[in-house]
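# Close look at the chain arrangement
Residues per chain are reported as follows:
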Amino acid sequence: MRKSLTPQQVKLLRVALITILQLSVYFFIRMLAYTPQTILYQGF
Amino acid sequence: MSLDSSHFAIFMVCVLALYTLGGAQWRKTVLLVASLYFLVSYIAIFEAIAAFTAVIVSGYVMALYARRVGRVNAVIILYIVVAVGAFLIIKKYQVVGILLGPAWISHGLVLVGYSYILFRQIHVIVDSAQQVIVDLDFISYLTYLISFLTLLAGPIQRYQNFRKQWDRLGEWQMFELEKTLQAFMRISSGYLGVYAISPMILSLPAAAVDLTGLPATAPSITLLNFYSYPIYLFFNFAGYCSIVIGLGMLLGFTLPENFNKPYFSDDPIDFWNRWHITLSTWLRDYVFTPYYKMGISRFSNQALFFAVTGYFLAFFITGMWHGSTLGYLVLGLLYGASNAITKLIEGFSIRFLGRNKYKKLRANRAVMFVSTVVTLHFVAFSLQFVQVDRSADIINFFNQLAPK
């Protein structure tokens, strides 16, 4: 019988997948050779 | 030390590794040494280190004095005035140059993070005077002021909040699965915002010029600039806050949230309740509230006047604080005026329509949609004054206004 994931496990899986997705998009954009701006918000 | 540099990555790995090795005292030491190292990576010249030392030590002495006297007296007010004056000179505010002469702002001193340190320091002194802060020690105070998490642009955490977490560092369980995953989600979303999306958006107008061959002054490029800059600024700043909030989660600190969908605000006051929230609440507590209370304690029937002028003052300071050029002066005037007008409209609407009708009006979707669009465009418009340095245009404008 297939064992289903607990709500807690689903939540953790979701967080992990979002992190992976965000990092993938980050590296993809950086790979496209956009010059990274290190200018922070003018607040400092 | 840029947050996307290998230097910072090695720095963070070292901090986390060292953090696992000991208890509360050890972790506090690691945090303090790491913060000092981070600070010195920006200000490795003797004059800057000496100036920072003077600022930090004098603030601590004043906080101890404030706690002893138990009220905000003339000495404390004088210290705050001098500190703000020093801030304006150190940050080379053009207004200082115009009023006092260019020699005042032609120095080479750069104090990175001083804007935030000043606000934290004023908060510690005032709260010590009001006995809200009762347990101030130098090490926690120093780490609070220069913490590498919030030195450059992070949320303005309150000392009481910091201290509570600082005192519990020994109990902090590192690398618990859920907390760690949540932290990495925040950190990755921050890096995506600051170092991928925001530079991409900032480069859109230039890319459009390259692709279409249109001049940079063409209406369509100007329009692209108009909309892209506020979006860039959001991803840049909110992203930075996400990174430090995530890093804080790994180190046992829950930093306050600083953004809540700001471009969905339905008026300028609402905007400042959603954008750089910790700055707005700081200004509410240390500028607006004291001014308002002082006003209505003397003229109790002038509540609306003091509310409106209080909003103007607080948000004028907000705009000015963000930068030293004359563009920020205009930004301050616009922020101040828009918030004051919003408060005035609210006051008059309640007076003439009654509170219930006013509430109904605010619940009307069409009205709120129009209001949100207008607010968004107003914010985008006001940011045009700081997107590029328009000081020369502003001086020209005021020269034309001056009597011939």
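Quick notes on the rules
Residues numbered from 1 in each chain as written. Chains lettered and ligands numbered in written order. Predicted model: local features only at pLDDT ≥ 70, side-chain atom pairs only at ≥ 80, totals over all residues. Heavy atoms only, no water. Helix = DSSP H or I, 4+ residues; strand = E, 2+ residues; numbered from the N terminus. Buried < 20%, exposed > 50% of the residue type's maximum accessible area, 1.4 Å probe, protein only. Polar contact = N/O pair within 3.5 Å; in protein donor to acceptor, adjacent residues only side chain to side chain. Contact = heavy atoms within 4.5 Å. Expected span 1.5 Å × (residues − 1). Buried area = accessible area lost by both parts, 1.4 Å probe. Salt bridge = Lys/Arg side-chain N within 4 Å of Asp/Glu carboxyl O. Nonpolar A, V, L, I, M, F, W, Y, C, P; charged D, E, K, R; others polar.

## Brief notes about the side chain of Lys-343 of chain B
Residues and elements named next belong to chain B. Turning to its location among the elements, Lys-343 is positioned in helix H15 (residues 326-353). By relative accessible area, Lys-343 is classed as buried at 18%. Polar side-chain contacts of Lys-343 include one of 3.1 Å to the side chain of Glu-346. Beyond its immediate chain neighbours, meaning those up to four positions away, Lys-343 contacts Ile-269, Leu-304, Ala-307, Val-308 and Tyr-311.

## Describing helix H1 (residues 7-31) of chain A
With 25 residues, H1 of chain A should reach 36 Å at 1.5 Å per residue; the first-to-last C-alpha distance of 36 Å fits that figure. Listed in full, the buried residues belonging to H1 of chain A are Leu-12, Val-15, Thr-19, Gln-22, Tyr-26 and Ile-29 of chain A. Against helix H9 (177-202) of chain B lie the buried residues of H1 of chain A.

## Examining the interface of chain A and chain B
Listed per partner, the contact involves 24 residues of chain A and 36 residues of chain B. Across the interface of chain A and chain B, roughly 2600 Å² is buried in total on both sides, 68% from carbon and sulfur atoms. Linking chain A to chain B there are one salt bridge. Connecting chain A to chain B are four residue pairs in polar contact (both at pLDDT 80 or more). Class assignment of the residues belonging to the side of chain A that touches chain B gives a composition of 14 nonpolar, eight polar and two charged.

## Looking at the pattern of salt bridges
All names here are of chain B. Applying the stated criterion to the full structure yields 11 salt bridges over all chains. Taking the shortest distance from any N to any O, the salt bridge between Arg-158 and Asp-285 comes out at 3.0 Å. Of this pair, Arg-158 sits in the loop between helix H7 (138-146) and helix H8 (159-167) while Asp-285 is found in helix H13 (residues 277-298), placing the two residues 127 residues apart along the sequence. Judged by relative accessible area, which is 25%, Asp-285 ranks as partly exposed. Each member of the salt-bridge network shares a partner with another, and the members are Asp-137, Arg-163 and Asp-167.

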